[in-house]
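What follows is each chain in one-letter form.
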Amino acid sequence: MKDLTHCVVTPNVNSEGFAPLGVGVHRASTIVFQTAEDYANPGQRGPDGYSYGLYGTPTTRTLEAKLTALEKGARTFLVPSGQAANAIAMLPFLTAGDRVLIADSVYPPVRDFANTDLVRFGIEVAYYDPLDTSDLEAKIDARTKVVWCESPGSTTMEIQDLPVITDIAHRHGALVGCDNTWSTPLNYKPLTLGADIVTEGLTKYISGHSDVLLGSLTVRDEQLTTPIRSTLGRMGISVSPDDASLVLRGFETLGVRMKHASQGALQLIERIQAADIVERVIHPALPTDPGHSIWKRDFQGASGVFGVVFKQGLSDRVSPALNVLKTFAIGASWGGTRSLIAPMPVKAYRTVRRWDADDLVLRISVGLEDHQDLVDDIEALLAEISR
């Protein structure tokens with residue numbers, strides 16, 4: 001073998017006995033085959049085999065396996081973001097003339113995707129009241145192929161009665177999908193409550209460090225895997241093994257991070273509720289929350305994300321007052337190590353369940369800082385709004 005060939009051909013090194021705790025990063029586009037016959041029949045390698053980097057590497061498969069086990073599902077697929085997971089969870093199962101029913105409190109990009117792209121594909125889009133299963137029962141029909149849930153709902157955090165919803169949907173032959181990013185599979189397992197597909201924005205709590213974009217969708221039934229895998233292949237959608245390795249690394253501390261964030265959120269909420277400028281705090285773990293009984297029945301815990309609704313007429317004061325914050329950062333997303341705060345509009349994203357308060361919910365995501373520093377920051381913010 002000549003020198004130039006030595007530069008290109010990688011030797012096989014003995015890896016026996018090398019058992020690190022960290023997952024190796026396997027980067028690949030081309031996967032080689034030992035024989036021409038193997039190359040001619042890549043399908044014989046099965047869904048867990050390797051044929052091309054687009055369809056997975058040992059790094060991405062490790063993350064998929066971890067998610068599948070936690071979600072208690074049959075198989076997981078990785079995609080570039082949580083919103084990509086939501087879109088791919090619907091697209092393979094809808095065709096022109098079909099109907100999709102979506103919870104009115106859904107993540108706004110899902111609403112935009114449905115109203116722009118699904119409608120363009122000839123799919124009828126309708127929304128149902130997330131707190132009224134009779135509204136879903138009245139709107140569902142034989143053309144409905146997908147019922148989409150998000151529990152808690154985006155920003156306003158409505159808790160849906162998933163077992164009842166899945167019963168209604170399945171009686172009419174529809175699949176049920178659920179965005180589970182707020183809870184993560186540690187605190188909520190939609191597939192065990194009847195959902196067919198669960199999506200996660202791995203960008204948030206599961207990666208946990210605000211430095212990677214990734215999403216996942218896990219199916220309850222193996223029969224759903226082929227339509228999803230085929231759609232991903234046709235669209236050329238794949239994820240970087242480097243990104244998957246970052247999520248795997250963050251995954252290991254998910255439990256302790258969630259616990260710290262949840263405890264910090266409850267400590268902050270106690271202070272916020274005492275302020276006379278606050279109308280209410282939105283968080284399903286609070287006994288006063290409308291969805292608390294279902295949350296207590298179906299969930300194993302809460303995250304550190306909650307919303308604050310101020311007294312009527314005060315919303316214009318909130319955004320300027322954020323400039324006094326020293327520990328909280330002002331920014332979108334949540335679930336990382338840094339506590340975040342962001343004013344969120346609501347009314348433009350509701351068409352069924354009317355929002356009667358001022359058009360602003362202050363979304364707070366508690367991170368890993370000392371709880372007292374966060375309390376001091378929130379007290380300064382409340383004082384500034386009052387002033």
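To be clear, the structure that these remarks concern was listed above.
The structure reproduced in this document is the subject of the present report. Everything numeric in this text was worked out from a predicted model, so none of it was measured.

1. Focus on the overall build of the protein chain
(1) Moving on: For the protein chain, the count of helices and strands is 14 helices and twelve strands.
(2) Moving on: Here the C-alpha radius of gyration of the protein chain, 23 Å, is about what a compact globule of 387 residues would show, namely 21 Å.
(3) Moving on: Along the three orthogonal principal directions, the C-alpha set of the protein chain runs to about 80 × 50 × 35 Å.
(4) Moving on: Here the protein chain holds 387 residues, and the buried ones make up 52% of them.
(5) Moving on: Taking contacts inside the protein chain between residues at least 6 apart in sequence as the whole, the part at least 24 apart equals 72%.
(6) Moving on: About 17,900 Å² of surface is accessible on the protein chain, with carbon and sulfur atoms providing 52% of the total.

2. Focus on the sheet that holds strand 9 (residues 305–310)
One key point about sheets: their strands pair by backbone hydrogen bonds, in either a parallel or an antiparallel sense.
(1) Moving on: Pairing in this open sheet of five strands is mixed, and the strands run 8-9-12-11-10 from one edge to the other. Unpaired on one side and paired on the other, strand 8 (278–282) and strand 10 (329–330) mark the two borders of the sheet.
(2) Moving on: Alignment of strand 9 against strand 12 (residues 361–365), held across four bridges, turns out to be antiparallel. In the strand pairing of strand 12, Phe306 is matched with Ile364.
(3) Moving on: Sheet contacts for helix 11 (residues 254–273): strand 8, strand 9 and strand 12; angle to strand 9, the most-contacted strand, approximately 5°.

3. Quick look at the sheet that holds strand 5 (residues 175–179)
(1) Moving on: Across the sheet, which stays open at both edges, the seven strands sit in the order 1-7-6-5-4-2-3 with mixed pairing between neighbours. Two strands bound the open sheet, and with one partner strand each, they are strand 1 (75–79) and strand 3 (124–128). This sheet shows a mean twist of 20° between the axes of neighbouring strands, independent of strand direction.
(2) Moving on: Alignment of strand 2 (residues 99–103) against strand 3, held across five bridges, turns out to be parallel. Looking at the pairing, Ala103 lines up with Tyr128 of strand 3.
(3) Moving on: Relative to the sheet, helix 5 (residues 108–120) contacts strand 2, strand 3 and strand 4 (144–150), its axis offset from that of strand 3 by approximately 155°.

4. Notes on the side chain of Gln160
(1) Moving on: Structurally, Gln160 can be placed in the loop between strand 4 and helix 7 (162–171).
(2) Moving on: Accessibility expressed as a relative area gives 1% for Gln160, which makes it buried.
(3) Moving on: Separated by 2.9 Å, the side chain of Gln160 and the backbone nitrogen of Glu150 make a polar contact.
(4) Moving on: Look past the residues within four positions of Gln160 in its chain and what remains in contact with it is Ala103, Tyr128, Pro130, Cys149, Glu150, Ser151, Ile165, Tyr188 and Ile294.

5. Focus on the environment of Arg363
(1) Moving on: Examined against the element boundaries, Arg363 turns out to sit in strand 12.
(2) Moving on: On the accessibility criterion, Arg363 (15% relative accessible area) is buried.
(3) Moving on: Residues Arg363 and Leu246, 117 residues apart in the sequence, show an inter-C-alpha distance of 26 Å.
(4) Moving on: In contact with Arg363, not counting residues within four places along its chain, are Val305, Phe306, Ala332, Ser333, Trp334, Leu340, Ile341, Ala342 and Met344.

6. Topic: helix 9 (residues 225–235)
(1) Moving on: Burial in helix 9 covers these residues: Thr225, Ile228, Thr231 and Leu232. The buried residues of helix 9 occupy one face: seen down the axis, they fall within an arc of 140°. Among the exposed residues of helix 9, those pointing more than 90 degrees away from its buried face are Thr226 and Arg234.
(2) Moving on: Buried residues along helix 9 sit in contact with strand 1, helix 4 (82–90) and strand 7 (215–219).
(3) Moving on: Just beyond helix 9, the residue with positive phi is Gly236, at close to 65°.

Conventions we followed
Residues numbered from 1 in each chain as written. Predicted model: local features only at pLDDT ≥ 70, side-chain atom pairs only at ≥ 80, totals over all residues. Heavy atoms only, no water. Helix = DSSP H or I, 4+ residues; strand = E, 2+ residues; numbered from the N terminus. Rg over C-alpha atoms; globule rule 2.2 N^0.38 Å. Buried < 20%, exposed > 50% of the residue type's maximum accessible area, 1.4 Å probe, protein only. Contact = heavy atoms within 4.5 Å. Areas by Shrake-Rupley, 256 points an atom, 1.4 Å probe, with all protein chains shown as cover. Pairing = 2+ DSSP bridges. Axes fitted to C-alpha atoms, helices over the stretch in contact; angles between N-to-C directions. Polar contact = N/O pair within 3.5 Å; in protein donor to acceptor, adjacent residues only side chain to side chain. Arc of directions from axis to C-beta.

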